[in-house]
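Here's the letter readout for the chains.
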Amino acid sequence: MTIVRRYITREFLKLFGLVLLSFLSIYLIVDFFERIRMFLSNQASIGQMASYFLYTLPMIAAQAVPVSVLLATLLTFGMLSRNHELVALKAGGISMHRASLPILYLAAAACLLVFFLNEFVTPHTNQRARHIKLVEIQKQKKTGVFKKNQVWFRAKNSIYNFTIFDPEKNTLQGISIHYFDPDFNLIKRIDARSAAWVDDHWVFSDVLVTRFPAGSVPTFERFDTMAIDIPEKPSDFQVVQKSADEMGYLELRGYIRKIQEEGYDVTRYEADLQGKIAFSLVSVFVVMVGIAFSMRPERSGGVAQGIGIGLIIGFSYWILFAFCLSLGRSGTLPPMLAAWTPNLLFGSLSAYLFKGIHT
């Protein structure tokens, strides 16, 4: 059995590496032609283009690992079936469940690999890739910094920060603006619950204006809404604001706790947090589906049909996962239910199919 496990493991790893490399190559080619106009219009250098694609590779690898595991599983057992090696294993008293154990162990390792990439690698590489695109290539100014779970900006005579920027809705939450005189004495502070980009300017809501006149006590004014002129547009905040893809699980969880304590809606971030764990486990489920369909008997349609059906089921996971996660981000479904529903459905299906394998 040790020799069989080594043989299956070796064949699987060779096919997995080939499939993953193919996915990365196809992605680079397609993404290059999609962005070539942007590169040329901004006169990007070869070094900048190469750096941008280099830093996007970890994210694409993390996304491609599950489907690469699925295809490698289908191809491995498909080749074993075509060469009648599965029949030989059965004749030798080795059940198909035992023969598939090396692949299941490797799938579990792939789950850990995806989580490791998403936790320690892709947050930094995604942030670096976005910096290269927006700042180095598109020449957008970066006048702010993401620090202590807030975005801080420095203008000519003011410093302001906010807690959340939603790039889809172009809204800010938890805003504080500090105005200073030439001697850097605080003369005014504006606090607002939220702000929205309307007709090319920012409209703030639930505003408190505090003035600090020299030699006198501060004065306060409240406004339901107020248009405030700040030089930054929504695109400027995209340079600084971290997205969920640029934070690991632990960092994102800490960010959620902080803004939740301040009373802000964390539904979107909760869905992304649950999705980080749910997606990292998918390799085991798709492998079990792949094993079941690649071992279908010839009379049921053959290896080719089994691979085709297995691919359809495998790719269906990504469609369902993206759909459910979007429902969770919008609040239509609870974040945990939205992120884990695809895993529950595919986990049940994979367990049923794997149990029914003819040993």
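Residues numbered from 1 in each chain as written. Predicted model: local features only at pLDDT ≥ 70, side-chain atom pairs only at ≥ 80, totals over all residues. Heavy atoms only, no water.

Q: If you had to explain unusual backbone geometry to someone new, which residues and values would you point to?
A: Excluding glycine, residues mostly carry a negative phi; peptide bonds, for their part, are mostly trans. Phi at Gln43 takes a positive value of approximately 50 degrees, unusual for a residue other than glycine. Looking at where Gln43 falls in the secondary structure, it is placed in the loop between helix H1 (2-41) and helix H2 (46-82). Notably, Asp206 is not glycine yet its phi reads approximately 55 degrees, a positive angle. Summarising the element assignment, Asp206 is placed in strand E7 (residues 201-211). Accessibility expressed as a relative area gives 44% for Asp206, which makes it partly exposed. (Helix = DSSP H or I, 4+ residues; strand = E, 2+ residues; numbered from the N terminus. Buried < 20%, exposed > 50% of the residue type's maximum accessible area, 1.4 Å probe, protein only.)

Q: Help me get a handle on the pairing of strand E2 (residues 150-154), residues and values and all.
A: The sheet contact formed by E2 and strand E3 (residues 158-162) spans four bridges and is antiparallel. Residue pairing for E3: Val151 is matched across the bridge by Phe162. Adjacent in sequence and paired antiparallel, E2 and E3 are bridged by three residues. (Pairing = 2+ DSSP bridges.)

Q: Tell me about the packing of helix H9 (residues 282-294) against helix H11 (residues 335-355), residues and numbers included.
A: Contact geometry for H9 and H11: axes closest at 8 Å, N-to-C directions at 35 degrees. Crossing geometry of H9 relative to H11 is assigned as left-handed. Two secondary-structure elements touch here, H9 through Phe285, Met288, Val289, Ile291, Ala292 and Phe293 and H11 through Asn343, Phe346, Gly347, Ser350, Ala351, Leu353 and Phe354. Class assignment for the residues of the contact of H9 with H11 results in 10 nonpolar, three polar and no charged. (Axes fitted to C-alpha atoms, helices over the stretch in contact; angles between N-to-C directions. Left-handed = near helix turned anticlockwise from the far one by under 90°. Contact = heavy atoms within 4.5 Å. Nonpolar A, V, L, I, M, F, W, Y, C, P; charged D, E, K, R; others polar.)

Q: How would you sum up the confidence of the model for the protein? Please name residues and give values.
A: Across the protein, the average pLDDT comes to 87, with 93% of residues at or above 70. The weakest mean pLDDT in the protein belongs to strand E1 (residues 144-147) at 67; the strongest belongs to E7 at 95. (pLDDT = per-residue confidence, 0-100.)

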